[in-house]
Amino acid sequence: MRVCVIGTGYVGLVTGACLAHIGHDVVGVDNNAAKVAQMQAGISPIVEPGLEAIMAGAMQAQRLAFTTDIGAGVRHGEVIFIAVGTPALPSGESDTRAVEAVARAIGIHLDGSYKVIVNKSTVPIGSGDWVRMLVSENAAPNVDFDVVSNPEFLREGSAVFDTFNPDRIVLGGSGRRAVALMKKLYEPITQRQVAAEAALPPVPVVVTDLASAEMIKYAANAFLATKISFINEVANICDRVGADVQQVALGMGLDSRIGGKFLQAGLGWGGSCFPKDVAALVHTACDYGYEAKLLAAAVAVNRSQRYLAIEKLRQALGILKGKTIGLLGLTFKPDTDDLRDAPALALAAECRRLGARVKAYDPTVRPERPPAGLEAGVADCPESLAAGCDALVLVTEWAEFRTLDYAGLARSMARALIVDGRNFLDPQILAAAGFTYVGIGKPGAKAAPAAPEKAAPVLAIAS
Ligand SMILES: NC(=O)C1=CN([C@@H]2O[C@H](COP(=O)(O)OP(=O)(O)OC[C@H]3O[C@@H](n4cnc5c(N)ncnc54)[C@H](O)[C@@H]3O)[C@@H](O)[C@H]2O)C=CC1
Ligand SMILES: O=C(O)[C@H]1O[C@H](OP(=O)(O)OP(=O)(O)OC[C@H]2O[C@@H](n3ccc(=O)[nH]c3=O)[C@H](O)[C@@H]2O)[C@H](O)[C@@H](O)[C@@H]1O
């Protein structure tokens, strides 16, 4: 099938490359010329496991091309995906200006042949009808097209796997021809021809009206975010009553009605989607006369959770003014280079506000390209990060952080304190390496270094 994907950011590029991989003829359109040139050279602008390999195969088979020419893309596609960004405005409302621009451009370039226009971007409820209106307004009379809502559920860091192994595919829209085409488009995926386990039953396809499909996306993200805030609240109670949140999560999660996923307590949820999607749903509810109290509480818990590490640092170090804090990890989760709404950045800003010096190390962030606020503060390896620090805070659970030479890091620090913001490390190993270990919702794991105590603190080495 001929496919056009407009907006080849995270979702658009992964969707386009995966559809090309399963045999479709895909043109990706983006208005960022530098990004398009990079992709034309076979380079992925994002860090995503497996993506470049899929791009290379599809480009070699001449099933995947990139352009800045939206007209060419629209003429090419029988199915046209809108996958541009919908970030949050300061009010929490979704900024749909890119969707609007693309819908108008699609209308202008429709050539008379039947097209399915697919909203893959996460858009406020009602946007499907709005896109239909915008396309019609800008198209010649009597053009033949349908609009389908096809929300995306992939996670960054496992986006290719998630695309080939979805839990469900949601198709919203009333056009039977459009829904049939979309089912055909996804058939290799729904029939498990590219799945990790071919023996699995077919992927369920949920067909709904437009508004319900749009709502499914917001409700799913809001539920997952609330689930994390819930376990974080439980963790904070655990800290006070002496229970271990990881044991609690295990015991809760084995109840099949609850499920064990998204019960990892830590420094809160971030990224380009949970914060903006929960905010957008709260905003929509408010627009229609409903106060979404539970969602507002999930957001409030998350806001304070991001600063929980500061509370733990204060308890161990006293005043933070003049102290040096090293952050292990900056991205909002591992296996991505995405820093959008990363908890680490909020934490760094608050530490700085309190007068601490903040350094950071992340496998995907180069010292010469630091995020705002961390200029001259990004180390090129964990060793230079730790040198001279009064404490480390593990913010992102990168796999490589499990096997660092913690004894060596401890020796180079002014004080060997670590706040494990993701309960990712083994407290006993850290204590044996000389660290005082503090977890989240794990008061019993407040492990101190094994005797003999560290002798005189090693002098701080400025990095
Ligand atoms: N990032 C993620 O993991 C997921 C994102 N989503 C949703 O998918 C949508 C896209 O998200 P991301 O891929 O993260 O966004 P992104 O910001 O990474 O990519 C958007 C792309 O659209 C391009 N663009 C903007 N305006 C354009 C225009 N007028 N014409 C052509 N290209 C244009 C940008 O240059 C950029 O490459 C959002 O609505 C998001 O909520 C849904 C599920 C997962
Ligand atoms: O709409 C989206 O963009 C996507 O948002 C999330 O995916 P993503 O943001 O890539 O990453 P997640 O794995 O969901 O993690 C989000 C945040 O929650 C945190 N998290 C996750 C799980 C957990 O148990 N605890 C926890 O604190 C992570 O550290 C991260 O900051 C959803 O999981 C996807 O289904 C959805 O498609």
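Being a predicted model, the structure only gives us computed values, none of them experimental.

Student: Sorry, what's going on with the overall build of the protein chain here?
Tutor: Across its full length, the protein chain holds 18 helices and 13 strands. Over its C-alpha atoms the protein chain spans a radius of gyration of 24 Å, differing by no more than 12% from the 23 Å that the globule rule assigns to 463 residues. Taking the principal axes of its C-alpha atoms as reference, the protein chain extends roughly 80 × 45 × 45 Å. Taking all 463 residues of the protein chain together, the buried fraction comes to 55%. Taking contacts inside the protein chain between residues at least 6 apart in sequence as the whole, the part at least 24 apart equals 72%.

Student: Could you clarify how one ought to interpret the site of ligand 2 in this entry?
Tutor: Not every one of the 20 residues close to ligand 2 is listed here, only the nearest: Phe-153, Leu-154, Glu-156, Lys-217 and Cys-273. One of the backbone nitrogen or oxygen atoms of Phe-332 is found 3.0 Å away from an oxygen atom of ligand 2. Considering ligand 2 on its own, with 700 Å² of exposed area, one finds that the protein chains cover 91% of that surface. Elements that contribute at least two residues to the shell around ligand 2 include exactly α10 (210–241) and α12 (274–287).

Student: Where do I start with the site of ligand 1 in this structure?
Tutor: Of all residues adjacent to ligand 1, which total 26 residues, the nearest are Val-11, Asp-30, Lys-35, Thr-86 and Lys-276. Contacts to ligand 1 include Thr-122, whose backbone N or O atom sits 2.8 Å from an oxygen atom. Lys-276 has a polar side-chain atom sitting 2.5 Å from an oxygen atom of ligand 1. Bound to the protein, ligand 1 loses 86% of the 830 Å² it would expose on its own. Partitioning the shell around ligand 1 into residue classes produces 9 nonpolar, 10 polar and 7 charged.

Student: Just to check I follow, could you spell out the side chain of Asp-30 for this structure?
Tutor: Inspection of the secondary structure assignment puts Asp-30 in the loop between β2 (25–29) and α2 (33–40). In this structure the side chain of Asp-30 is engaged in a polar contact, spanning 2.9 Å, whose partner is the backbone nitrogen of Asn-32. Here Asp-30 is in contact with Gly-7, Thr-8, Gly-9, Lys-35, Val-36, Thr-67 and Thr-68, once residues within four sequence places are set aside.

Student: In this structure, what is going on with the UniProt feature "domain: UDP-glucose/GDP-mannose dehydrogenase C-terminal" (unreviewed entry) in the protein chain? I would like to understand it.
Tutor: Annotation from UniProt places "domain: UDP-glucose/GDP-mannose dehydrogenase C-terminal" (unreviewed entry) at residues 326–427. The span residues 326–427 shows a helical share of 24% and a strand share of 16%, and its end C-alpha atoms are spaced 18 Å apart.

Student: It is not clear to me how empty space enclosed by the protein should be interpreted in this structure. Could you clarify?
Tutor: Rolled over the atoms, a probe as big as a water molecule pinpoints where empty space is left. In total, this model carries 1 cavity of 30 Å³ or more according to the counting rule given. Size it by volume and the largest cavity reaches roughly 40 Å³. As for the largest cavity, its lining consists of Ser-121, Thr-122, Val-123, Ser-149, Pro-151, Glu-214, Lys-217 and Tyr-218. It is α10 that contributes the most residues to the lining of the largest cavity, 3 residues altogether. By residue class, the composition of the lining of the largest cavity is 3 nonpolar, 3 polar and 2 charged.

Student: Looking at this structure, I do not really get the state of the cysteines. What am I missing?
Tutor: Think of a disulfide as a covalent bridge from one cysteine sulfur atom to another cysteine sulfur atom. One pass over the structure, following the stated rule, counts 0 disulfides. The thiol of Cys-4 is unpaired, and the distance to the nearest cysteine sulfur, on Cys-18, comes to 17 Å. For Cys-381, which is in no disulfide, the shortest distance to another cysteine sulfur is to Cys-389 and amounts to 12 Å. Exposure remark for Cys-381: the relative accessible area of 23% places this residue in the partly exposed category.

Student: Can you help me understand the environment of Arg-104 in this one?
Tutor: In this fold, Arg-104 is placed in helix α5 (residues 97–109). For Arg-104, a relative accessible area of 30% gives the class partly exposed. Ignoring sequence-local partners within four residues, the contact set of Arg-104 consists of Leu-134, Glu-137 and Asn-138.

Student: Looking at this structure, how should I read the sheet that holds strand β12 (residues 417–420)?
Tutor: In any sheet, the strands associate via hydrogen bonds between backbone groups, in a parallel or an antiparallel arrangement. If you walk across this open sheet you meet the 5 strands as β10-β9-β11-β12-β13, and the pairing is parallel. Only two strands of the sheet have a single partner each, and these edge strands are β10 (357–361) and β13 (436–438). When strand polarity is set aside, the average angle formed by the axes of neighbouring strands in this sheet is 20°. Across 5 bridges, the pairing between strand β9 (residues 324–328) and β10 is parallel. Paired with Ile-325 across the bridge in β10 is Val-358.

Student: What is the right way to read α5 from this model?
Tutor: An α-helical segment advances 3.6 residues per turn. Residues three or four places apart therefore align on the same side. In this model, α5 (13 residues) spans 19 Å end to end at C-alpha, consistent with the 18 Å of a helix rising 1.5 Å per residue. When α5 is considered as a whole, its buried residues turn out to be Val-99, Val-102, Ala-103, Ala-105, Ile-106 and Gly-107. Buried positions along α5 lie against β1 (2–6), α4 (70–76), β4 (79–82), β5 (115–119) and α6 (127–138).

Student: Would you explain unusual backbone geometry in this entry?
Tutor: With the exception of glycine, the majority of residues adopt a negative phi angle, and the majority of peptide bonds are in the trans configuration. If you check the backbone angles, Asn-142 has positive phi at about 65° while not being a glycine. Structurally, the position occupied by Asn-142 is in the loop between α6 and β6 (145–149). Located in the positive-phi region is Arg-192, a residue other than glycine, with phi close to 65°.

Parameters and conventions
- Residues numbered from 1 in each chain as written.
- Chains lettered and ligands numbered in written order.
- Predicted model: local features only at pLDDT ≥ 70, side-chain atom pairs only at ≥ 80, totals over all residues.
- Heavy atoms only, no water.
- Helix = DSSP H or I, 4+ residues; strand = E, 2+ residues; numbered from the N terminus.
- Rg over C-alpha atoms; globule rule 2.2 N^0.38 Å.
- Buried < 20%, exposed > 50% of the residue type's maximum accessible area, 1.4 Å probe, protein only.
- Contact = heavy atoms within 4.5 Å.
- Near = heavy atom within 4 Å.
- Polar contact = N/O pair within 3.5 Å; in protein donor to acceptor, adjacent residues only side chain to side chain.
- Areas by Shrake-Rupley, 256 points an atom, 1.4 Å probe, with all protein chains shown as cover.
- Nonpolar A, V, L, I, M, F, W, Y, C, P; charged D, E, K, R; others polar.
- UniProt positions renumbered as here; feature names shortened; annotations may be inferred.
- 1 Å grid on protein atoms, 1.4 Å probe; cavity = no way out; pocket = protein on both sides within 12 Å on 5 of 7 lines; lining within 4 Å.
- Points joined across faces, edges and corners; volume = space filled by probe spheres on them.
- Disulfide = S-S within 2.5 Å.
- Pairing = 2+ DSSP bridges.
- Axes fitted to C-alpha atoms, helices over the stretch in contact; angles between N-to-C directions.
- Expected span 1.5 Å × (residues − 1).

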